[in-house]
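Inside the fold
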Amino acid sequence: MRILVFGAGSLGTLVGGLLASVHDVTLVARDRHATRVSKTGLDIVGAESAHASPAATTAETGHDADLAIVTVKSFDTAAAAEALADCDADAILSLQNGLTEEMLASRLEAPVLAGTATYGARLVAPGRVECTGVGRVVLGALDGGTSPLAERVGKAFRDANINTLVAADMPRRRWEKLAVNAGINAVTALSRVENGCLAANEASELTHRAARETARVARLEGVRLPNRVARAAIDRVIEKTAANRSSMLQDVESGKRTEVDAINGAVVDIAAEHDFEVPTNRTLAALLRAWERGEGLR
Ligand SMILES: NC(=O)c1ccc[n+]([C@@H]2O[C@H](COP(=O)([O-])OP(=O)(O)OC[C@H]3O[C@@H](n4cnc5c(N)ncnc54)[C@H](O)[C@@H]3O)[C@@H](O)[C@H]2O)c1
Ligand SMILES: CC(C)(CO)[C@@H](O)C(=O)[O-]
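All values derive from a computational prediction rather than experimental measurement.

Looking now at the site of ligand 1. Inspection of the region around ligand 1 gives 20 residues, with Ser-10, Leu-11, Asn-97, Ala-121 and Glu-259 positioned closest. Taking Leu-11, its main chain carries an N or O atom lying 2.8 Å from an oxygen atom of ligand 1. In this structure, Glu-60 approaches ligand 1 through a side-chain N or O atom, which is 3.2 Å from a nitrogen atom. A total of 820 Å² of accessible area belongs to ligand 1 in isolation, and the protein chains cover 83% of it.

Put into structure tokens, the structure is as follows:
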């Protein structure tokens, strides 16, 4: 398969590097990383280890591919969609956090698959990515149901030894992941604690409230996500990732823009379309945006 990875930072470089063992992969990346990968290839270290030689470029447009995988941060999705509109990709797959697929689908003609990734990745230097945890990629049709395209893409991932599930219930899975991120990421980022610190205290009540609101908005959108399922998902993730610093906490600690707009912000925006109030998500989003506007960003 000819695969374009648009926005090869941490996750895109890991996934693209693994896919390059069996597919024709091109990474669209920033200058120093693209140059290093083009010259000497890519080292994957940590929980996965491999040397890969995908093509790498800073050119954002003019590519021809069977599949474009979008791995920019959620706030760069609009720019990625604009660039991909000037490429010939037969299908698009997002592996981003937050609700980004709708924007891709509204701006691109090619079919957009939804995806989630629980692999951990960290770009440690140009041409070198650490796999901090082997997780799973789950992908499928954006509106749910079976999809021959999703099956083909799933096989391409599995052929490259990426732990992959093709799922027919992506709407529920996306909203469940959103509930987890809405609850854990913002609260850990604002209180500067590891995920495990959200177990059984007043902060965990806030986490559960944000998740409950998200589940309610999912149901308003016609997605079956009972509160108890969202709560169980949160509790499971807190337990399994107790020692993790969430991606949003890492962003805040390094003075980088967060993905709050595509997580708590998306819950607020979609709730408003249903005239429904989500005070916890609104408060969390407002506090994070205040930090971003204020002293936060370097
Ligand atoms: N890193 C992880 O372990 C992980 C795991 C699961 C999900 N995710 C999600 O995946 C997405 C990406 O996360 P990440 O950690 O890889 O972020 P990242 O910042 O490391 O990577 C994104 C990359 O995209 C590049 N980029 C942005 N616009 C570009 C453009 N126009 N042209 C070329 N390059 C461009 C950036 O320079 C950056 O290198 C996020 O939504 C994140 O939440 C990450
Ligand atoms: C599941 C999660 C909250 C674990 O830290 C992760 O999605 C993150 O950090 O964004």
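Right, let's get into helix α1 (residues 10-19). Of all 10 residues in α1, nine are buried; the element is thus mostly enclosed. Of the positions making up α1, those classed as buried are Leu-11, Gly-12, Thr-13, Leu-14, Val-15, Gly-16, Gly-17, Leu-18 and Leu-19.

Turning to the domain arrangement of the protein, a few remarks are in order. Under the domain assignment used here, the protein contains domain 1 (2-166) and domain 2 (170-296). Computed over C-alpha atoms only, the centres of domain 1 and domain 2 are separated by 24 Å. At the interface, 22 residues of domain 1 touch 17 residues of domain 2. A buried area of about 1600 Å², summed over both sides, lies between domain 1 and domain 2, and 58% of it is on carbon and sulfur atoms. Contact with domain 2 buries area across many residues of domain 1, yet Phe-75, Asn-97 and Leu-99 alone supply 42% of it, more than any other trio.

Parameters and conventions
Along each chain, residue indices are assigned from 1 in the same order as the chain's sequence is written. Chains and ligands are labelled sequentially in the order written, the chains with letters from A and the ligands with numbers from 1. Two thresholds apply to this predicted model, a pLDDT of at least 70 for residue-level local features and 80 or more for giving and counting side-chain atom pairs, whereas whole-chain, interface and lining totals are computed over all residues. Side-chain metrics rest on all non-hydrogen atoms present in the structure, leaving aside hydrogens and water. A single heavy atom is enough: if one lies within 4 Å of a molecule or strand, its residue is considered near that molecule or strand. The term polar contact refers here to a pair of N or O atoms within 3.5 Å; inside protein, the definition further demands a hydrogen-donor-capable atom paired with an acceptor-capable atom, and it admits residues adjacent in sequence only when both atoms are side-chain atoms. Methods summary: accessible areas were calculated by the Shrake-Rupley approach with a probe of 1.4 Å, and residue burial reflects only the protein chains presented. Throughout this description, buried means an accessible area under 20% of the type-specific maximum (1.4 Å probe, protein chains only), exposed means over 50%, and partly exposed covers the range between. Only DSSP runs of H or I with at least four residues qualify as helices, and only runs of E with at least two residues qualify as strands; both kinds are numbered from the N terminus onward. Annotation comment: domain bounds sourced from an automatic or database domain assignment. In what follows, a contact means two residues having at least one pair of non-hydrogen atoms within 4.5 Å. Buried area: the accessible area, evaluated with a 1.4 Å probe, that two parts lose upon being put together, summed over both parts.

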